[in-house]
Amino acid sequence: MTKRKILYGYQIRGGALEIVPEEQRVVQMLFALYSAGASYQDISDALNRQGVPYSSEIPLWNKHKIKRMLENARYTGKDGYPVMIAETDFQAVQDKISEKNDRRQVSEEVTVVDRLKPYFRCTCGGKMVRLGGRWQDRSKVYLKCEHCGISVSLDTDETFQEVAHQMQTYECQEADAYVPSAEVIRLNNAINRGLEQPDSPEAVMALILQGAAARYDCCPQPISECEPSDRPVDVDWHRFRRVVSYITVASDATVSLTFTDDNFTGKDK
């Protein structure tokens, strides 16, 4: 046998499943340790140090075995297994596993720095790479140019807001000109056909009203919506990836965006 055929903690005797007392104590210890805050790896290391075998053929424990056991509902009496762990204790461990998974997912979410760092360029044209280390202030991002060697530290929140404002300015400039949509063109054609043969004045009037609404939707944003302000703004990251070529970082920590169509370069802050 190369691996356990029966769930740890049980054996078959006389054709029936029964609890192995010494293994039951180990299982109950796993649940207690995890509930107390120990990790899968902490528990497996402790068992290996104590010389507690997983099986005679494969004695060593690992975090994956611990995880599978802690998530196995058969310890509560499912599928004909004798009860080894109370349902309430089992559920408490499942809740703790879910809580840890949620925290891990949050910590692994893409940060603002993760989104911006591929775009950082030095004024000399060299790529700016992020420096790491425990000495860092978490509110800042530390960069160094691969070409000239200059080092710069940026305040993360201020840099994000400057990028957001420059994006906002770019979007407003893009919206300056009126560009009719496909819907406007379609309605104009329908209106012209209706005016040539006005069999139904009411239908033509409805088309005219629809056309006016469609043209209004294509109008540039009001100036007030495009005026720069000090209030926080957000970034459409999908749009950002499509229109931004790179972010130039100067030695005084000012940043400016260069856009793919070269129509606008953000002013230094």
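Okay, so let's go over this structure. (Residues numbered from 1 in each chain as written. Predicted model: local features only at pLDDT ≥ 70, side-chain atom pairs only at ≥ 80, totals over all residues. Heavy atoms only, no water.)

### Quick look at the overall build of the protein chain
Here is the rule we go by: Each helix is a run of DSSP H or I of at least 4 residues and each strand a run of E of at least 2, with the numbering of both proceeding from the N terminus. Categorising residues by exposure relies on relative accessible area from a 1.4 Å probe, with only protein chains included: less than 20% of the type maximum marks a residue as buried, more than 50% marks it as exposed, and the intermediate range marks it as partly exposed. Residue contacts are counted whenever heavy atoms from the two residues lie within 4.5 Å of one another. Only the protein chains shown count as cover for residues, and all accessible areas are computed by the Shrake-Rupley method using a 1.4 Å probe.
On a plain count of helices and strands, the protein chain comes out with 10 helices and 8 strands. Counting across all 269 residues of the protein chain, residues that qualify as buried make up 35%. Within the protein chain, contacts between residues separated by at least 24 positions form 52% of all contacts whose residues are at least 6 apart in sequence. By element, 50% of the accessible surface of the protein chain is carried by carbon and sulfur atoms, the whole surface being about 16700 Å².

### Let's talk about the environment of Pro82
Here Pro82 lies in the loop between α3 (63–70) and α4 (87–107). Sequence separation of Pro82 and Leu17 is 65 residues, and the distance between their C-alpha atoms is 7.2 Å. Look past the residues within four positions of Pro82 in its chain and what remains in contact with it is Tyr10, Leu17, Glu18, Ile19, Arg74, Tyr75 and Gly77.

### Here we look at helix α1 (residues 21–35)
Residues three or four positions apart in an α-helix share a direction because the helix packs 3.6 residues into each turn. Where we set the bar: Take the residue count of a helix, subtract one, and multiply by 1.5 Å to get its expected span. Directions pointing from the helix axis toward each C-beta atom define the arc.
Its 15 residues give α1 an end-to-end C-alpha distance of 21 Å, which sits within 8% of 21 Å, the value for a rise of 1.5 Å per residue. Among all positions of α1, only Glu23, Gln24, Val26, Val27, Leu30, Phe31 and Tyr34 are buried. Looking down the long axis of α1, one finds its buried residues gathered within 160 degrees of arc, a one-sided arrangement.

### A word on the sheet that holds strand β8 (residues 255–259)
Each strand in a sheet pairs with its neighbour through backbone hydrogen bonds, running either in the same direction (parallel) or in the opposite one (antiparallel). Let me state the cut-off plainly: Any two strands with at least two DSSP-identified bridges between them are counted as paired. Axes here refer to lines fitted to C-alpha atoms; in helices the fit is confined to the stretch in contact. Angles between the N-to-C directions go from 0 to 180 degrees.
Spatial ordering of the open sheet is given by β3-β7-β8, a layout of 3 strands whose pairing is mixed. Across the chains shown, the open sheet's two edge strands, defined by having one partner strand only, are β3 (120–122) and β8. Here the average twist between neighbouring strands, direction ignored, is 35 degrees. Of the pairings in the sheet, the one linking strand β7 (residues 244–249) to β8 comprises 5 bridges and is antiparallel in character. Of the residues in β8, the one forming a bridge with Val244 is Phe259.

### A word on the nonpolar core
For soluble globular proteins, the rule of thumb is that nonpolar side chains tend to be buried together. Put simply, the rule is: Buried residues of nine kinds, namely Ala, Val, Leu, Ile, Met, Phe, Trp, Tyr and Cys, make up a nonpolar core once their side-chain atoms join them within 4.5 Å.
In terms of nonpolar packing, the biggest core is built from 27 residues, with Leu154, Phe240 and Ile247 touching the most fellow members. If you list the elements that add at least two residues to this core, you get α5 (112–116), β3, β5 (140–145), β6 (151–155), α6 (156–174), α10 (237–243), β7 and β8. The leading source of residues in this core is α6, at 5 residues. Discounting chain neighbours no more than four positions away, the residues touching Ile247 are Leu116, Tyr119, Phe120, Arg121, Val163, Phe240, Val255, Ser256 and Leu257.

### Side note on the packing of α1 against α3
Angle between the axes and distance between the axes are the two parameters that describe a pair of packed helices. Under the convention used in this document: Note that the term roughly parallel is reserved for angles under 35 degrees, roughly antiparallel for angles over 145, roughly perpendicular for angles of 65 to 115, and oblique for everything else. In this count, Pro and Cys sit with the nonpolar residues alongside Ala, Val, Leu, Ile, Met, Phe, Trp and Tyr, while Asp, Glu, Lys and Arg are called charged and the others, Gly among them, polar.
At a minimum axis distance of 10 Å, the contact between α1 and α3 shows a crossing angle of 95 degrees. Taken together, the axes of α1 and α3 lie roughly perpendicular to each other. Note on element contacts: α3 touches α1 through Ile66, Met69 and Leu70, opposite Val27, Leu30, Phe31 and Tyr34. When the residues that make up the contact of α1 with α3 are grouped by side-chain class, the tally is 7 nonpolar, no polar and no charged.

### A look at the packing of aromatic side chains
Defined as follows: A pair of Phe, Tyr and Trp rings is counted when the ring centres sit within 6.5 Å of each other, with Trp represented by its six-membered ring. The angle between the planes then sorts it: under 30 degrees is stacked, over 60 is edge-to-face, the rest tilted.
Taken as a whole and assessed by the stated rule, the structure comprises 12 aromatic pairs. Ring centres of Tyr54 and Trp61 lie 5.0 Å apart, and the angle between their planes is 80 degrees; on these two criteria the pair is classed as edge-to-face. One exposure class covers both Tyr54 and Trp61, and it is buried. Relative to Phe240, the ring of Trp237 has its centre 5.2 Å away and its plane inclined at 70 degrees; by these criteria the two rings are edge-to-face.

### Overview of the sheet that holds β5
With respect to topology, 3 strands assemble into an open sheet ordered β4-β5-β6, the strand pairing being antiparallel. Looking at strand neighbours, the two that pair on one side only are β4 (128–130) and β6, the edges of this open sheet. Going across the sheet, the axis of each strand differs from the next one's by a mean of 35 degrees, ignoring polarity.

### Notes on a nonpolar patch on the surface
Under the convention used in this document: Only residues above 30% relative accessible area that lack a salt bridge enter a patch, with like-charged residues linked at up to 9 Å and the nonpolar side chains Val, Leu, Ile, Met, Phe, Trp and Tyr linked at up to 5 Å. The working definition used for a salt bridge is a side-chain nitrogen of Lys or Arg within 4 Å of a carboxyl oxygen of Asp or Glu.
On the surface, a cluster of nonpolar side chains totalling about 380 Å² of accessible area is made up of Leu195, Met205, Ile208 and Leu209. Here the nonpolar patch takes 3 residues from helix α8 (residues 201–217), the largest share from any one element. On the secondary structure map, Leu209 appears in helix α8.

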